[in-house]
Amino acid sequence: MQARSLLKMIARMGVNDAKFLALSNKAAFAGAVAFLGLYPSIVFYNMLANIPLSQLPSDVLLGVLEPIILVNSLMCSMMVAIVVTSLVDVEKSEHVLEHLFAYMPCSTKVFLLSKAVSTTLLAIPMTLPYYVGAYVVLYRFGVADVTLLLSAYLPAVVMAVSLTLLLLLLTLIMPQKYMAVLRSALIIATIVGLTYLANLISQGEASLSVGIATPCIASILMLIATTLIYIKYSDVLIEKAIR
Amino acid sequence: MEFSNVTKVYSGGVVALDNVSFSVAERSIHALLGHNGAGKTTSIRLILGLLKPSSGVVRVLGRDPFREPEVRLSIGYVGEYAGLYRELSVWENLLRFCAFKLGDEELCKEEVGMVADAFELHELLRKKPQELSAGNRQRVVIARAFIGKPKLVVLDEPLSNLDPVWRARVKEFLKKYVEEQGATVVFSSHILSDVEDLADDVSVLKSGRVVYTGGLKQLLGEQGVVKLVVKATDRAKLVGVLSKMGLRAHLAEDGESVAVYLKSESEAEEVLNAVSSAGVGLKYVSTERTTLEDIYLRMYGAKKNE
């Protein structure tokens, strides 16, 4: 498939999924956006409260803020992946997925990849409140830097694509109740793990390099693992799901 | 559409299709028949390119649907399950599927309007699928398959939930669609009277193999158009006479009478004369037109009540 067709597919999927999320479950959609916007912002503000920011030189200040923003971005992306793959779980249980496969003019394998990428693109509007909040905070301390936000967003994108793809593949073969348990466990692990990491960084108990490296390495490892699973097993998993 | 020596073995070793070959003529209605597990749904999924054949070739509209999934733009599909979003209205459901397939929202509004007209869905458009009766939901699902005027429509048990009026109307619609759009329809059904009404050709699948493929009229002709049912005082003697005449006797549905399938009414008369001349006492005789159901059940070696 040509890159242009793939991009068209991703755009079509993203727009349709966003519409579906907004149309089908307005309360859940608003709740997810509010949660994604508010929770990381609250964590963010809490951390900042522990640091004498005004006394720090701007390069040190950036060094403190960067991992916190990164960690929070990762959390946002993981949440979006979890929310959107739960939609696929519903589609599977209501036998809609089979019809979507049959109606999409692309292979099922490409469908899943497009879905993973479009899910990540969906993360942009869904996590916008958080990024706006973070930018306002940075602006207040005179270190407003769009590049900083973008550099935090990129590993989050890597994490979101791979996590979504992994969850999609699992959704194909696992019963809905097990997926619900897995998603809940992921949400708890994400909140607890990343909040803990961010706290360590903000209190100076973990070095900044460790703070940045841990989620980045985790994202890359997850991407590699998911890519391998996707290449090697997706056909078998898709066949199992369709059968 | 063509299946050439197609075998499909699922992971775990289950052979769903075993060296299956059949073709579907353009502008025709082709029925896939077979018991549950015979391979009908697997065939349909291969046509849609959702599954890859383990060996052999599937060609749909001249293309390999698994490697060239763009061919799905020309295929409409009605699955075994409704596959509608519970949270969306019928209108939103149809628009969403159309948007996935065609991409253009304005075009989709037009297309959905057209299928809603054809299947009289306007009163249902604002309702959610779970608020509809099974029959109305099935109408929505069938209507969805015709979005974008597909060249090939594949339907898995399309008429099962419809009331008699809508069954007749959908059958009429399918015939008209084939005629006017030059399209091809492939469908599976357990309702054999519907198959007789609708199909030009049939393929009968049994345990993953094709036991018959060809014209429906030809099948009815080949297998005998008249069914002669005879209840005799001595069944063994009757069967002996029939086998001497080169006829294969079948046990009739009542479990006592014997049925033979013949080419014509006059052949039935000849058989009865021969049986009487052989001194077989007759308790009951009837002739009736052979139905597809009779032939199908003979192919499966089953009784009507099985």
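Being a predicted model, the structure only gives us computed values, none of them experimental.

**Description of the interface of chain B and chain A**
At step 1: The interface is formed by 26 residues belonging to chain B together with 25 residues belonging to chain A.
At step 2: The element best represented in the side of chain B that touches chain A is helix H2 (residues 90-102) of chain B, accounting for six residues.
At step 3: By residue class, the composition of the side of chain B that touches chain A is 14 nonpolar, four polar and eight charged.

**Regarding the nonpolar core**
At step 1: With 123 residues, the main nonpolar core has Leu165 of chain A together with Ile47 and Val154 of chain B as its most contacted residues.
At step 2: The leading source of residues in this core is helix H3 (residues 58-93) of chain A, at 15 residues.
At step 3: Non-local contacts of Val154 of chain B, meaning those with residues more than four positions away in its chain, are made with Ile44, Ile47, Leu48, Ile75, Tyr77 and Val186 of chain B.
At step 4: Listed in part, the 13 residues of the second largest apolar core include Leu238, Leu242, Val260 and Val271 of chain B.

**Comments concerning the sheet that holds strand S10 (residues 226-232) of chain B**
All names here are of chain B.
At step 1: Strand order in the open sheet formed by four strands is S11-S12-S10-S13, and the pairing between neighbours is antiparallel. Since the sheet does not close on itself, it has two edges, and those belong to strand S11 (250-251) and strand S13 (282-289), each with one partner.
At step 2: Sheet analysis places S11 next to strand S12 (residues 258-262), joined by two bridges and oriented antiparallel. Pairing of His250 across the sheet is with Ala259, part of S12.

**A few points about the domain arrangement of chain B**
At step 1: Partitioning chain B into structural domains gives domain 1 (2-220) and domain 2 (224-289).
At step 2: The straight-line distance from the C-alpha centre of domain 1 of chain B to that of domain 2 of chain B is 41 Å.

**Thoughts on the packing of H2 of chain B against helix H3 (residues 105-118) of chain B**
Residues and elements named next belong to chain B.
At step 1: Between H2 and H3, the shortest axis-to-axis distance is 9 Å and the interhelical angle comes to 130°. The orientation of H2 relative to H3 falls into the category oblique. Of the two elements, H2 crosses H3, and the hand of that crossing is right-handed. Each of Trp91, Leu94, Leu95, Cys98, Ala99 and Leu102 in H2 lies in contact with H3, whose residues at this interface are Glu105, Leu107, Cys108, Glu111 and Val112.
At step 2: Looking at the contact of H2 with H3, its residues break down into nine nonpolar, no polar and two charged.

Cut-offs applied
Counting from 1, residues in each chain are numbered in the order their sequence is written. As they are written, the chains are lettered A onward and the ligands numbered 1 onward, keeping that order. Totals for whole chains, interfaces and linings use every residue, but because this is a predicted model, local features are given only for residues with pLDDT of at least 70 and side-chain atom pairs only at 80 or more, for both listing and counting. Note that contacts rest on C-beta atoms placed from the backbone: two residues are in contact if these are within 7 Å. Here a strand is any run of E in DSSP of at least two residues, a helix any run of H or I of at least four, and the numbering for each starts at the N terminus. Under the scheme applied here, ten amino acids are nonpolar (Ala, Val, Leu, Ile, Met, Phe, Trp, Tyr, Cys and Pro), four are charged (Asp, Glu, Lys and Arg), and all others, including Gly, are polar. Connectivity within a nonpolar core runs through C-beta atoms within 7 Å, and the core itself is a set of buried Ala, Val, Leu, Ile, Met, Phe, Trp, Tyr and Cys residues. Partly exposed residues are those whose C-beta has more than 12 but fewer than 20 other C-beta atoms within 10 Å; 20 or more makes a residue buried and 12 or fewer makes it exposed, with C-beta atoms placed from the backbone. Strands were regarded as paired on the criterion that DSSP finds at least two bridges between them. Residue ranges for the domains originate in an automatic or database domain assignment. All axes here are fitted lines through C-alpha atoms, helices being fitted over the stretch that makes contact, and every angle between N-to-C directions spans 0 to 180 degrees. Each angle receives one of four descriptions, namely roughly parallel if under 35 degrees, roughly antiparallel if over 145, roughly perpendicular if within 65 to 115, and oblique otherwise. By definition, turning the near helix anticlockwise from the far helix through less than a right angle yields a left-handed crossing, and turning it clockwise yields a right-handed one.

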